Amino acid sequence: MPDISDESSRRLSFIPGGNSSSSNIPTGSAVLTAFTVKESAEVGTNEFPISAVFPLPYGSYQSTEKLHLTDSDGHAVPAQFEVLNRWWSRDNSIRHVMVHFFPNVNAFDGSDSGSGIASYELVKSDSAQASVTNPVVITDNGPTITIDNQVIDLTIEKSPLRIITPAGELKSLFYDESDNLDQSFLHDMIDIDVEEDGPLRSIVRLSSRTVYTNPETVKHGWAMRIYAYANSPLVRVEFQLQNSAINSRFSAPLFFKGHHLRIETGSSVSSSQLRAD
């Protein structure tokens, strides 16, 4: 599992790349990389969010303003570009860029090796940047943070921490080795940061540090990221338990009986979508 607790995380803001999907990138634009997206679950995907990383030549780009994605018909695809690293010891131009976008891929047919594939291109173009349908908007109102894309909305109440979804309240239930319940979101010290603020994808990071008292008393730490996407009802949640206490030079293993992330609906169940990846 990747470590999602990096204390050096920073807030990222983006200008979307690409035009509306109904327009073409002008002729004369340069194709940097042609690539394909493969679907292997035999179910297809309709605007499911993915990310891809591309290297860029030394000295060519100081910003992502002229980078775009196009589909197999030459239509520009809305995308969000994130600079991963730069040629920092030379001219500080971009070395690798991560692109977040929502591809459409037909279902893979096991009898046809050429099925379930969609073609895209990373291109350089001077065309204008595009607006995004129902972009993600994060608003920090002081006591609360709201995440809204006109399709789904979430509310994070900071103190005490409550995460309210359209389906109900999200809770983190931790059972220690004696089977005693400790609700993660009721810890005293919880940090909340808007880590990524983009129109296609935004991330809110929440965390609470492990507290070591003695080998029999370790307050579990945790880190969580909430991902929201433009014009989509999908919400992704990453959660990680932690046992590396920083309030003590020496700590102890974190023994526990179980942990559950649960949405308490308090009402009848409505239709929903689930997908594992």
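Keep in mind that this is a model prediction, so the values were computed, not measured.

Asks: Can you help me understand the overall build of the chain in this one?
Replies: Scanning the chain from terminus to terminus reveals zero helices and 23 strands. Within the chain, contacts between residues at least 6 apart in sequence are counted, and of these 65% link residues at least 24 apart. Counting every atom, the chain has about 15,400 Å² of accessible surface; 48% of that belongs to carbon and sulfur.

Asks: Would you explain the packing of aromatic side chains in this entry?
Replies: Aromatic ring pairs are reported here in terms of the distance separating the ring centres and the angle at which the planes meet. In total, this model carries nine aromatic pairs according to the counting rule given. Aromatic pair Tyr-58 and Trp-87: ring centres 5.6 Å apart, planes at 75 degrees, arrangement edge-to-face. Remark: Trp-87 occurs in the loop between strand S7 (79–86) and strand S8 (94–101) and Tyr-58 occurs in the loop between strand S4 (50–55) and strand S5 (67–71); sequence separation between them is 29 residues. What makes Trp-87 buried here is its relative accessible area of 18%.

Asks: I tried to follow the confidence of the model for the chain on my own but got confused; where do I start?
Replies: A low pLDDT score tells you not to read the predicted coordinates there in detail. Across the chain, the average pLDDT comes to 86, with 85% of residues at or above 70. No element of the chain has a lower mean pLDDT than strand S1 (residues 12–13), which averages 40, and none a higher one than strand S12 (residues 144–148), which averages 98. Note that pLDDT drops below 50 for residues 1–22; the model gives that stretch 73 contacts with residues more than four away or on any other chain.

Asks: How should the sheet that holds strand S2 (residues 30–38) be read in this particular structure?
Replies: One key point about sheets: their strands pair by backbone hydrogen bonds, in either a parallel or an antiparallel sense. Spatial strand order, S2-S10-S5-S6: four strands in an open sheet with antiparallel pairing. The open sheet terminates on both sides in strands that have one partner only, identified here as S2 and strand S6 (76–77). Both S5 and S6 contribute to a ladder of two bridges, which runs antiparallel. Residue pairing for S6: Thr-70 is matched across the bridge by Ala-76.

Asks: What exactly am I supposed to notice about the pattern of salt bridges here?
Replies: Note on pairing: side chains with opposite charge can pair once their charged atoms come close. In total, this model carries eleven salt bridges according to the counting rule given. A salt bridge links Arg-201 to Glu-196; the shortest N-O distance between them is 2.7 Å. Each of the two residues, Arg-201 as well as Glu-196, counts as buried. Across the pair Arg-236 and Glu-238 runs a salt bridge, and its minimum N-O distance is 2.7 Å.

Asks: What is the right way to read unusual backbone geometry from this model?
Replies: Note: most residues except glycine have negative phi, and most peptide bonds are trans. In this structure, Pro-160 follows Ser-159 across a cis peptide bond, with omega equal to -5 degrees. Within the fold, Pro-160 resides in the loop between strand S13 (153–157) and strand S14 (162–165).

Asks: Would you mind showing me how to read the pairing of S13 here?
Replies: Within a regular beta strand, the side chains point alternately toward one face of the sheet and then the other, so they alternate between its two faces. Across the two faces of S13 the burial differs, with Leu-154 and Ile-156 buried and Asp-153, Thr-155 and Glu-157 not buried at all. Bridging between S12 and S13 involves five bridges; their strand directions are antiparallel. Residue pairing in the sheet places Thr-146 in a bridge with Thr-155 of S13. As consecutive antiparallel partners, S12 and S13 are separated by four residues, and within that stretch Gln-150 has a phi angle of approximately 70 degrees, a positive value. Taken together, the three bridges between S13 and S14 define a ladder with antiparallel strand orientation. Directly across from Glu-157, in S14, lies its bridge partner Arg-162. Taken together, S13 and the strand that follows it, S14, pair antiparallel across an intervening segment of four residues.

Asks: Can you walk me through the sheet that holds S4 in this structure?
Replies: The three strands lie next to each other as S4-S8-S7, forming an open sheet whose pairing is antiparallel. Every interior strand has two partners, whereas the edge strands, S4 and S7, have only one. If you compare each strand with its neighbour and ignore which way they point, the axes differ by 25 degrees on average. Examined bridge by bridge, S7 and S8 share seven bridges and lie antiparallel to one another. When the bridges of S8 are listed, Ala-79 appears paired with Phe-101.

Asks: What exactly am I supposed to notice about the environment of Lys-38 here?
Replies: In this fold, Lys-38 is placed in strand S2. Using a relative accessible area of 43% as the deciding quantity, one classes Lys-38 as partly exposed. Sequence spacing of Lys-38 and Ser-115 is 77 residues, and the spatial spacing of their C-alpha atoms is 8.6 Å. Setting aside anything within four residues of it in sequence, one finds Lys-38 in contact with Phe-108, Ser-113, Ser-115, Gly-116 and Ile-117. Of note is the side chain of Lys-38, whose polar atom sits 3.2 Å from the backbone oxygen of Ser-115.

Asks: I'm lost on the pairing of S14 in this one. Help?
Replies: Alternating positions in S14 separate cleanly, Ile-163 and Thr-165 being buried on one face and Arg-162 and Ile-164 remaining unburied on the opposite face. By the bridge criterion, three bridges tie S14 to strand S15 (residues 168–176) in an arrangement that is antiparallel. Note on S15: the bridge partner recorded for Ile-163 is Leu-170. Hairpin geometry of S14 and S15 is characterised by an intervening segment of two residues between the two adjacent antiparallel strands.

Rules and cut-offs
- Residues numbered from 1 in each chain as written.
- Predicted model: local features only at pLDDT ≥ 70, side-chain atom pairs only at ≥ 80, totals over all residues.
- Heavy atoms only, no water.
- Helix = DSSP H or I, 4+ residues; strand = E, 2+ residues; numbered from the N terminus.
- Contact = heavy atoms within 4.5 Å.
- Areas by Shrake-Rupley, 256 points an atom, 1.4 Å probe, with all protein chains shown as cover.
- Phe/Tyr/Trp six-rings, centres within 6.5 Å; stacked < 30°, edge-to-face > 60°.
- Buried < 20%, exposed > 50% of the residue type's maximum accessible area, 1.4 Å probe, protein only.
- pLDDT = per-residue confidence, 0-100.
- Pairing = 2+ DSSP bridges.
- Salt bridge = Lys/Arg side-chain N within 4 Å of Asp/Glu carboxyl O.
- Axes fitted to C-alpha atoms, helices over the stretch in contact; angles between N-to-C directions.
- Polar contact = N/O pair within 3.5 Å; in protein donor to acceptor, adjacent residues only side chain to side chain.

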